[in-house]
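Okay, here's what each chain looks like letter by letter:
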Amino acid sequence: MMTPLVTIMTPSYNRAHTLPRVFESLKNQTFKDFEWLILDDGSTDETRKVVEDFKKEADFDIRYYYQENQHKFITFFNGINLARGIYFSPLDSDDALLNDSLETLLKTWRSIPKDDNVVFVLSLCEDQNGNLVGDRFSGEPLICSIFDLRYKYKIKGDKWGMGKTEVYKKMKLDLEYLSGKGFIPEGVFQFQFDKLGFHYCINKITRIYFRDKDDELSLANQFYDKKNAFGLAENYKTFLNTYYHKTFTYPKIILRNLGGYLKFAKIDQRPYLQIIRDLDSGFLRFCAAVFYFFF
């Protein structure tokens, strides 16, 4: 079996009813040299049967793996380890792509000089009604870090794109430590992109994000729930250990994230010394030691 150029990876939990939408959009792609990797995170519905039916119809390789429920973050990196493509795109189990999405992203990758140190091509999303989700980029291409995208250029809203599989595999993550801890925000790995290179941002729509306002409100309300304290503490810690060198350029942002880290690390009942030691910056360790007792 030939190695595909691209791996599309979909973590799925009880999404047999939405996976056909993903399949149809993949089936209609103008670019065909890809595999679809489906990681079933302990579904109890008809996901396996639905995927077997896909395989009978698809003109691209579909690989299906079932695992006991481990939550999306761990499932995502299980998928990274299974990916065979040079390029890698995560695609949620309830989304869809425009017909030329993969072709657009690959053409962009091929146009980027190797010495530009780009690790990810980022593009725009629209909702199911054709409305743009979030902001356009302030230039095309906009080559920048994730940090600058958010805090310098103030770009908001969902984006989607394609990275290199080898870049994901360079990320330093202790999956054994993170496993079994429940919800882990994607920032725990996404911030690490900025240690490895830049994002190359284009004002082209490639992903269709299906909005469900009730679900959005539910997720927003639950994100900062105390039950997610472990993952949130890890998210803030990763942010601080990635961007501590920006403390004196963006002091409010860094200190606000330090406050979030202290709050959720304490809720997670982490020992005082561990909370301090886990920060890479001596200055932030000092600040954490001082501010700890105010949270």
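Please read these numbers as outputs of a predicted model, since none were measured by experiment.

Q: What is the right way to look at the side chain of Arg 270 in this model?
A: One can find Arg 270 in the loop between α12 (251-267) and α13 (272-277). Within the local environment of Arg 270, its side chain forms a polar contact with the backbone oxygen of Phe 230, the two atoms lying 3.2 Å apart. Separated by 2.8 Å, the side chains of Arg 270 and Asp 268 make a polar contact. Every residue in contact with Arg 270, bar those within four places of it in the chain, is listed here: Tyr 177, Phe 230, Ala 233, Glu 234, Lys 237, Ala 265 and Ile 275.

Q: I tried to follow the state of the cysteines on my own but got confused; where do I start?
A: A covalent bond between the sulfur atoms of two cysteines is referred to as a disulfide. Per the counting criterion, the structure on display carries 0 disulfides. Cysteine Cys 144 shares no disulfide, and the gap to the nearest cysteine sulfur, in Cys 201, comes to 4.5 Å. A relative accessible area of 3% means that Cys 144 is categorised as buried.

Q: What exactly am I supposed to notice about the packing of aromatic side chains here?
A: Any aromatic ring pair is given by two values, namely how distant the centres are and how the planes are angled relative to each other. On inspection of all chains with the given rule, the structure shows 31 aromatic pairs. An angle of 80 degrees between the planes, with centres 5.3 Å apart, marks the rings of Phe 77 and Phe 189 as edge-to-face. Placement of Phe 77 in helix α3 (residues 71-82) and of Phe 189 in helix α8 (residues 187-190) is noted, with a sequence separation of 112 residues between them. Judged by relative accessible area, Phe 77 falls into the buried class, the value being 4%. Put simply, the rings of Phe 73, Phe 76, Phe 77, Phe 88, Phe 120, Tyr 168, Phe 189 and Phe 193 touch in pairs and so form one group of aromatic residues. One cation-aromatic arrangement involves Arg 21 over Phe 210; the distance from NZ or CZ to the ring centre is 3.6 Å. When the ring centre of Tyr 177 is taken as reference, the NZ or CZ atom of Lys 181 above it lies at 5.1 Å.

Q: Can you walk me through the nonpolar core in this structure?
A: The tendency in soluble globular proteins is for nonpolar side chains to be buried side by side. Val 6, Leu 26, Trp 36 and Ile 62 are the most contacted members of the largest nonpolar core, which has 36 residues in total. With 29 residues, the next largest nonpolar core counts Leu 37, Phe 88, Ile 155 and Val 167 among its residues.

Q: Any chance you could explain helix α11 (residues 229-243) here in plain terms?
A: One full turn of an α-helix is made of 3.6 residues, so residues set three or four places apart face in the same direction. For α11, built from 15 residues, the straight-helix expectation of 21 Å at 1.5 Å per residue is met to within 8% by its first-to-last C-alpha distance of 21 Å. Counting buried residues along α11, 15 of its 15 residues qualify, which places the element largely inside the surrounding structure.

Q: Would you take a moment to explain the pairing of strand β10 (residues 198-209) for this structure?
A: Side-chain positions along a regular strand alternate between the two faces of the sheet. Most of β10 is tucked away: 9 of the 12 residues are buried. The sheet contact formed by strand β5 (residues 96-97) and β10 spans 2 bridges and is antiparallel. Residue pairing across strands places Leu 97 opposite Arg 207, the latter belonging to β10. Here strand β6 (residues 118-127) runs beside β10; their pairing, made up of 8 bridges, is parallel. Among the inter-strand pairings, Val 121 is bridged to a residue of β10, identified as Tyr 200. Relative to β10, strand β8 (residues 142-144) runs antiparallel, the two sharing 3 bridges. Each bridged residue has a counterpart across the sheet, and for Cys 144 the counterpart in β10 is His 199.

Basis of the calculations
- Residues numbered from 1 in each chain as written.
- Predicted model: local features only at pLDDT ≥ 70, side-chain atom pairs only at ≥ 80, totals over all residues.
- Heavy atoms only, no water.
- Helix = DSSP H or I, 4+ residues; strand = E, 2+ residues; numbered from the N terminus.
- Polar contact = N/O pair within 3.5 Å; in protein donor to acceptor, adjacent residues only side chain to side chain.
- Contact = heavy atoms within 4.5 Å.
- Disulfide = S-S within 2.5 Å.
- Buried < 20%, exposed > 50% of the residue type's maximum accessible area, 1.4 Å probe, protein only.
- Phe/Tyr/Trp six-rings, centres within 6.5 Å; stacked < 30°, edge-to-face > 60°.
- Lys NZ or Arg CZ within 6 Å of the ring centre and 35° of its normal.
- Core = buried A, V, L, I, M, F, W, Y, C linked by side-chain atoms within 4.5 Å.
- Expected span 1.5 Å × (residues − 1).
- Pairing = 2+ DSSP bridges.

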